[in-house]
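Next come the chains, spelled out residue by residue.
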Amino acid sequence: MNDAALPLQRFTVVEVNAPGVPLCLRLATSLAGKIAADLGAEVLKIEPPGGDPVRRAAPLLPGGSSALFQFLNTSKRSLVLDLATDAGRTALAGLLGRAQACLFEEPAAIASSLRSGPATPIEIAAFPLEMDAAARPVSELAIQALGGLMHMIGTPDARPLKLAGHQASYAAGLTAFTGLAAALAAHDAGRAAPAVRVSLAEVMQWVNWKAASGAAATGTSPGREGDRSEFQVLPCRDGFVAVVYTATQWPATRALIGDPALADPKFATRAGRRQHIAALYDALRPWFAARTRAEIQQEAQGKGVPFGPVFTPAELLETEQYVARGFLAEMTLPDGDRLRLPQLPVQWNGRSFAPRPAPALGEAA
Amino acid sequence: MSRPLAGIRVLDFGLLTAGANTSAMLADLGADVLKIESGAYLDPFRVVGKIDDDEGWWNRSPQFRFTNRNKRGLALNLKAPEGQRVIRELAAHCDVVVENFRRGVLDRAGLGWEALKAVNPRLVFAAISSQGDTGPERMNVSFGSTLDATSGIAALTGYEGASPRISGMDVNYPDQIVSLFATGLVITAVMEARRTGAGCFLDFSQREVASFTLGEEIVAASADPAHRPGPRGNGEPGIAAQDAWRCRDGRWIAATLDAPDDTIAAFCAARDSADAVAALLARGIAAAPCNDGNDLLRDTALAGVTLVRDEAGALVKGLPYRLDGMGIAIECAAPDLGQHTDAVLRQLLGYGDAELAALETAGVTATTPTVGDI
């Protein structure tokens, strides 16, 4: 690959945004298309008249455009087609005839024709085929509940919690990109490319496999443990730090904190630490309270202890590691908003994939 | 079953989830995956998932079994010059390397990207690390939920107005998603290597992958000084009302409403969870039970193709997607330590009895660990 060439630039992918599809499916489709586009594929985003509703979705930027849309549609081209009309469907068929793959969502009215079209279908759905539930209402939260993720987060005597962000959508979007890459690889090798179907519920369950493996091994499901968990988040002088260490890192952790109470034999084994978790955290708390996140990270890393300072998205913009690696691309939108946005989280022979701004509605017409 | 990666061979140094699961996903697509461990260094999943202390305990971890099916297993000592030589010979027969050691470990063994590229210029070398291969924090240690905290996910997760929360050791969320992303990039790089004859070095930062899943929050924070959210409970920007509520049978359900509704808590409290979910769905409201691990095992329709059984009938990880409507068949269970060392060295390198015996005598190959806990 020379400097100018991008790895997927010989491929064309059509991303069909049919109207009326649940937002959580659209975000998955859009993420898969974005990754392909940033890697150089020509991604034609087919929007309904009026545009993808994500153009108006929170969080909004000062100039009024959607941060969510800007993030999920970098490097794509936009075309408006009314797929309820013969003309719209004919135009789409023409585009599909020169595309290798087509991303679309199961509830789309046009889904059945896309499944049998010339471009390899990459289909995003809410639920597995066995649930016979194409019409079942769906949301990000419902998928995190169904896949068991919410059961794992929070305190046992209070509400289960979702993990922040569009994790069900994005895990499915990453999966759909991998399925797309596999289909393109088969195509490239002269083999029949497999049709790919990704459901948010299956991906969430797959991501949460330790709940199933734990339940199968012991009969008892792992679950949210709150202040009985071995790993907790403690306040420090300027924020919070996640207390994380492995069994083999316990002696280093004990030495780092330096409280003689931690030398008590009841803390010597993992089972003992779990049994006396409240006393253990009572001994840890003052050390954290007396230090800043930066001091904690420096002292802990010096002893090989993986404590995690909690950073906000705003703080990540300034984080030394991200700045040094050039992880955040700078971009100026036509309305004047200046952004920094995460690039694809990979460097290929040291190169990042700089995204182009998301397209205006129908700009490729 | 479609096998888009048939003919691709992977040298797999992957450990735990981030590395080992990336290779597992390549295996599921038809690649021949050779998992490399050694007597002195087991995949930590063999140890943290230990279920007994009897002979052979290292071959019985459910977490190892879940993640390493459809691979062949070799035990070769990375610290012994003879072990390093054998691995370099294997690299000449491979298309992909996957590793998630701490930075520098493979370089010190003479098995880093530069060394293996000299043996095989077509290699795609996927290095997965907590912070990436460059930058001032490249040597920082992390474990699972360290990255929930440092990526930004924890800052927005938690009860409203309360402390941030991490996904915790029974989820280790950042480890799971990195394998979904890395697999797609490795496939992309394999296509490019086939076309050009040149491999590449893929540098993945797990922390960046986790932050990438909050892309819109980082974008919003960069343009708008007023965008400084904290833990959001179960709410989301742009959603009128959603949360979890406890039902009459003591179980929790989650629902996303079109508008705030003061009666929903009482509605749930008056019904068993299955009835409440069914009633809400019938009203067009997205609702679901907050399943636990046992619920996931019981609901085979929901499990789809994500959980399957190996040849011994044991439960293992399946596929996150379907190819031509299908899941996968497990063609071989997760390997015992060093189970296929001799067979692979005979098949690929043409080694004979004398060479294999010498490697065993020298402690280069092994089928039992030389260490206890890791």
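Fair warning: this is a prediction, and the values are worked out from it, not measured in the lab.

Secondary structure assignment for chain B yields 16 helices and 12 strands. Seen through its principal axes, chain B has C-alpha atoms that stretch 80 × 50 × 40 Å. Looking at the 374 residues of chain B, the share that counts as buried comes to 57%.

Here the focus is the overall build of chain A. Counting its regular elements, chain A contains 14 helices and 12 strands. Each principal axis of the C-alpha distribution contributes one length, and for chain A these read about 75 × 45 × 40 Å. Here chain A, with 365 residues, has 54% of them falling under the buried criterion.

Membership of the largest hydrophobic core comes to 223 residues, with the highest contact counts inside it found for Ala-126, Leu-202 and Ile-253 of chain B. In terms of residues, this core owes the most to one element, helix H6 (residues 167-188) of chain A, which gives 14 residues.

The domains assigned to chain B are domain 1 (9-214 + 304-361) and domain 2 (241-297). Summarising the inter-unit geometry, the C-alpha centres of domain 1 of chain B and domain 2 of chain B are found 39 Å apart.

Residue-level contacts link 125 residues of chain B with 119 residues of chain A. The greatest single-element share of the side of chain B that touches chain A, amounting to 15 residues, is contributed by helix H8 (residues 173-196) of chain B. Of the residues contributing to the side of chain B that touches chain A, the split by class is 65 nonpolar, 41 polar and 19 charged.

Moving on to the sheet that holds strand S7 (residues 241-246) of chain B. Residues and elements named next belong to chain B. Taking strand neighbours across the sheet as the criterion, the 3 strands line up as S7-S8-S9 in an open arrangement whose pairing is antiparallel. The sheet is open, and its two borders are formed by S7 and strand S9 (286-289), each paired with just one other strand. Strand-to-strand twist in this sheet, taken as the mean axis angle between neighbours without regard to direction, amounts to 15°. With 4 bridges connecting them, strand S8 (residues 252-257) and S9 associate as antiparallel partners. What sits directly across from Ala-254, in S9, is Ala-288. In this fold helix H12 (residues 273-282) packs onto S8 and S9, with an angle of close to 165° to the strand it touches most, S9.

Attention now moves to the sheet that holds strand S7 (residues 233-236) of chain A. Residue and element names in this part refer to chain A. The strand order across the open sheet formed by 3 strands is S7-S8-S9, and the pairing between neighbours is antiparallel. Two strands in the sheet have a free side with no partner beyond their single neighbour: S7 and strand S9 (308-309). Here strand S8 (residues 239-242) pairs with S9 via 2 bridges, running antiparallel. Note on S9: the bridge partner recorded for Val-241 is Pro-309.

This next bit is on helix H9 (residues 250-257) of chain A. All names here are of chain A. Among the residues making up H9, those that are buried are Thr-253, Arg-254 and Ile-257. Relative to the axis of H9, the buried residues are bounded by an arc of 100° and lie together on one face. In H9, the exposed positions angled more than 90 degrees off the buried face are occupied by Pro-251 and Ala-255. Downstream of H9 by one or two residues, Gly-258 has phi in the positive range, about 75°.

Attention shifts here to the environment of Trp-58 of chain B. If you trace the backbone, Trp-58 of chain B turns up in the loop between helix H2 (44-48) and helix H3 (62-67). Excluding anything up to four places from it in sequence, Trp-58 of chain B contacts Leu-42, Arg-46, Leu-337 and Pro-369 of chain B.

With that out of the way, let us pick up the domain arrangement of chain A. By the assigned domains, chain A splits into domain 1 (12-211) and domain 2 (230-312). One C-alpha centre belongs to domain 1 of chain A, the other to domain 2 of chain A, and the line joining them spans 41 Å.

Cis geometry is found at the peptide bond from Ala-58 of chain A to Pro-59 of chain A, where omega equals -5°. Among the structural elements, Pro-59 of chain A can be located in the loop between strand S2 (42-47) and helix H2 (67-72). The residue Asn-172 of chain B is not glycine, and still its phi comes out positive at about 45°. Here Asn-172 of chain B is to be found in the loop between helix H7 (146-151) and H8. The backbone of Asp-324 of chain B sits at a positive phi, close to 50°, despite the residue not being glycine. Among the structural elements, Asp-324 of chain B can be located in the loop between strand S12 (322-323) and helix H15 (341-349). C-beta crowding within 10 Å serves as the criterion here: with 12 such atoms nearby, Asp-324 of chain B is assigned to the exposed category.

Note: α-helices contain 3.6 residues per turn, so residues at a spacing of three or four share the same orientation. Residues and elements named next belong to chain A. Buried within helix H12 (residues 293-302) are the following residues: Arg-293, Ile-296, Gln-297 and Ala-300. The buried residues of H12 occupy one face: seen down the axis, they fall within an arc of 95°. For H12, the exposed residues lying more than 90 degrees away from the buried face are Ala-294, Gln-298 and Gly-302. Among the structural elements, S7, S8, H9, helix H11 (277-289) and S9 are those in contact with the buried residues of H12. One or two steps after H12, the chain reaches Gly-304, where phi turns positive at roughly 75°.

What follows covers the environment of Arg-309 of chain B. All names here are of chain B. Assignment of secondary structure puts Arg-309 in strand S10 (residues 307-309). Along the primary structure Arg-309 and Leu-345 are separated by 36 residues, whereas in three dimensions their C-alpha atoms are 29 Å apart. Arg-309 has contacts with Ala-314, Leu-315 and Val-316, leaving out every residue within four places of it along the chain.

Before going further, it helps to spend a moment on the packing of helix H1 (residues 23-38) of chain A against H6 of chain A. Two numbers describe a pair of packed helices, the interaxial angle and the distance between the axes. All names here are of chain A. Look at H1 against H6: their axes get within 7 Å of each other, and the N-to-C directions meet at 45°. Relative to H6, H1 is oriented oblique. When you trace H1 past H6, the crossing you get is right-handed. Contact residues: Cys-24, Leu-27, Ala-28, Leu-31, Ala-32, Ile-35 and Ala-36 in H1; Ala-168, Ser-169, Tyr-170, Ala-172, Gly-173, Leu-174, Ala-176, Phe-177 and Leu-180 in H6. For the contact of H1 with H6, the class distribution of residues is 14 nonpolar, 2 polar and no charged.

Criteria and cut-off values
Residues numbered from 1 in each chain as written. Chains lettered and ligands numbered in written order. Predicted model: local features only at pLDDT ≥ 70, side-chain atom pairs only at ≥ 80, totals over all residues. Helix = DSSP H or I, 4+ residues; strand = E, 2+ residues; numbered from the N terminus. Buried ≥ 20, exposed ≤ 12 C-beta atoms within 10 Å, placed from the backbone. Core = buried A, V, L, I, M, F, W, Y, C linked by C-beta atoms within 7 Å. Domains from an automatic or database assignment. Contact = placed C-beta atoms within 7 Å. Nonpolar A, V, L, I, M, F, W, Y, C, P; charged D, E, K, R; others polar. Pairing = 2+ DSSP bridges. Axes fitted to C-alpha atoms, helices over the stretch in contact; angles between N-to-C directions. Arc of directions from axis to C-beta. Parallel < 35°, antiparallel > 145°, perpendicular 65-115°, else oblique. Left-handed = near helix turned anticlockwise from the far one by under 90°.

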